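Overview (structure and organization)
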Amino acid sequence: MRICYLHYEWDLEVSRGDAAQIRELAAALERMGHEVIVVPRHQRPAYRPGGGRRRPFAGWFWETANHARSLTGIAAETALLRRLRPDVVLTMHGLRFSSLVAARRLGLPVVLEVNASVPDETRRYRPEVHLLPGLSGWIERRTLVAADGVFVVSDVLRDYFAGRGLSPARIAVIPNGADPDRFHPAAADPELRDRFPGRVLVGFAGSFARFHGIDLLEQAIRRTAAHFVLAGDGVGAQELRARLPGQANVTFLGSVPHQRMPGILAAMDVLVAPYPAQDFFYFSPIKLFEYMACGRAVLSARLGQIAEVIRDDDNGALYDPSRPGDFVEKLSALAGDPVRRERLGAAARRTIVDHYTWDHHARRVAALLEAVTSSAPRPISARAASAR
């Protein structure tokens, strides 16, 4: 298949999870023999902390601007698809309907890759953005219903959309994955390990977003006899630094290029993915799969898909996010038990290799793309070509 893969990320250096999904899925599909043309529809220079100008009223215009970009993008995307002539359009859903309209004009099938409900996520994690009641939710539903195929990253997200009128039978659940050839135990960075001789190392990697359990990390750093190595940057990281002045058992690595992450993660003894208690945990955390692929003991919350991938005390450890202190208690137990860490880490890697690689992910995506392509009418461009 010739696949046009569209996304609307402004800055993939900031949106590293989406960047990994796009890069890894495209590469895995190409390994299967498909041709993948990745098209970034919006890009700007990489984010620089402290750069740019604050626009205090931007949150009031975000919704209008987003939908306006969909409307104004239709003509450009129609021309793009007419020129590229793909068999199918794969779009990373970002509350944009332009690719759907453009593909419909040309008779091309469209599959939407959905990592979140954009209106819901915006309300939860971007309080500075003000949405009109119902508008973006209505547009999102209409877009997903009109697509030829939809896949989401978790059962929770499928159930969310099913509760808003989409047929569950039309929504494929395809979890994220990891590359076990890059993330593996032997990738450990010996220099990083040598910086902390004789210490149990606890690692965390992420954007320090509001849902990343920063409070839990702070409690663990203060109360656990281990050294913490934290990779990532952002407002949350700056807040945590400010709360821990002079704390000797924590090292902040700051923003780290993705190519260095296997060495950092594999050098740890325990890897943590803390999350606070929440009713709607719809994520498929890429870092969870990368942690596990490194063959290290992983501790995370008993929430959503995490509790489906990790079986407590089998291929990882789970804490109860509704129980204060359970995260620190479970982490302290792991830090003091090297035999258990070794057992859990080996089982974690087997789980990834057997079930959650990017090749597993791509095979399921390809099956969906092939299904909608075989059931769709031939594209207008293809009919025109055959008539000449």
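Notes on the structure in this doc start here. (Residues numbered from 1 in each chain as written. Predicted model: local features only at pLDDT ≥ 70, side-chain atom pairs only at ≥ 80, totals over all residues. Heavy atoms only, no water.)

**Regarding the side chain of Thr 91**
Note the following rule: Here a helix means four or more residues in a row that DSSP labels H or I, a strand means two or more in a row labelled E, and each is numbered from the N terminus. Think of it in three bands: residues with accessible area under 20% of the maximum for their type are buried, residues over 50% are exposed, and the middle band is partly exposed, with areas taken using a 1.4 Å probe on protein chains only. Here a residue-residue contact requires only that any non-hydrogen atoms of the pair lie within 4.5 Å.
In this fold, Thr 91 is placed in strand E3 (residues 88-92). A relative accessible area of 0% places Thr 91 in the buried class. Once residues lying within four places of it in the same chain are set aside, the contact partners of Thr 91 are Leu 6, Tyr 8, Ser 99, Val 110, Val 111, Leu 112 and Glu 113.

**Digging into the nonpolar core**
As a reminder, the rule being used: Note on terminology: a nonpolar core comprises buried Ala, Val, Leu, Ile, Met, Phe, Trp, Tyr and Cys residues joined through side-chain atoms within 4.5 Å.
Judged by nonpolar contacts, the single largest core of 99 residues is most densely connected at Phe 161, Phe 228, Leu 230, Val 272, Tyr 275, Phe 327 and Leu 331. If you look at the next biggest cluster of nonpolar residues, it comprises 23 residues, including Tyr 5, Ala 20, Ala 26 and Ala 362.

**Some words on the packing of aromatic side chains**
Operational definition: Centre distance within 6.5 Å is the pairing criterion for rings of Phe, Tyr and Trp, where only the six-membered ring of Trp is used; planes under 30 degrees apart are then read as stacked, over 60 as edge-to-face, and the remainder as tilted.
For the coordinates displayed, the defined rule picks out 12 aromatic pairs. A ring pair is formed by Phe 280 and Tyr 282, whose centres lie 4.8 Å apart and whose planes are at 45 degrees; its orientation type is tilted. As far as the burial class goes, Phe 280 and Tyr 282 line up, both buried. Where Phe 281 meets Phe 283, the ring centres are 5.0 Å apart and the plane angle is 75 degrees; that geometry is what we call edge-to-face. Accessibility classification places Phe 281 together with Phe 283 in one group, the buried group. Aromatic rings pair up to connect Tyr 125, Tyr 160, Phe 161, Phe 211, Tyr 275, Phe 280, Phe 281, Tyr 282 and Phe 283 into one cluster.

**Details of the sheet that holds E3**
Basically, it comes down to this: Here, strands pair whenever DSSP counts at least two bridges between them. Helix axes are fitted only over the stretch in contact, all axes being lines through C-alpha atoms; the angle between N-to-C directions runs from 0 to 180 degrees.
Pairing in this open sheet of 6 strands is parallel, and the strands run E2-E1-E3-E4-E5-E6 from one edge to the other. Looking at which strands have only one partner, the edges of the open sheet turn out to be strand E2 (35-40) and strand E6 (171-173). Direction aside, neighbouring strands of the sheet carry axes that sit 25 degrees apart on average. Summarising the sheet, strand E5 (residues 149-152) and E6 pair through 3 bridges and their orientation is parallel. Residue Val 150 lies in a different strand from E6, and its bridge partner there is Ile 171. Helix H15 (residues 358-375) contacts strand E1 (2-7), E3, strand E4 (110-114), E5 and E6 of the sheet and is inclined by roughly 165 degrees relative to E5.

**A closer look at helix H3 (residues 98-106)**
Within the span of H3, buried status applies to Ser 98, Ser 99, Leu 100, Ala 102, Ala 103 and Leu 106. Just beyond H3, the residue with positive phi is Gly 107, at close to 75 degrees.

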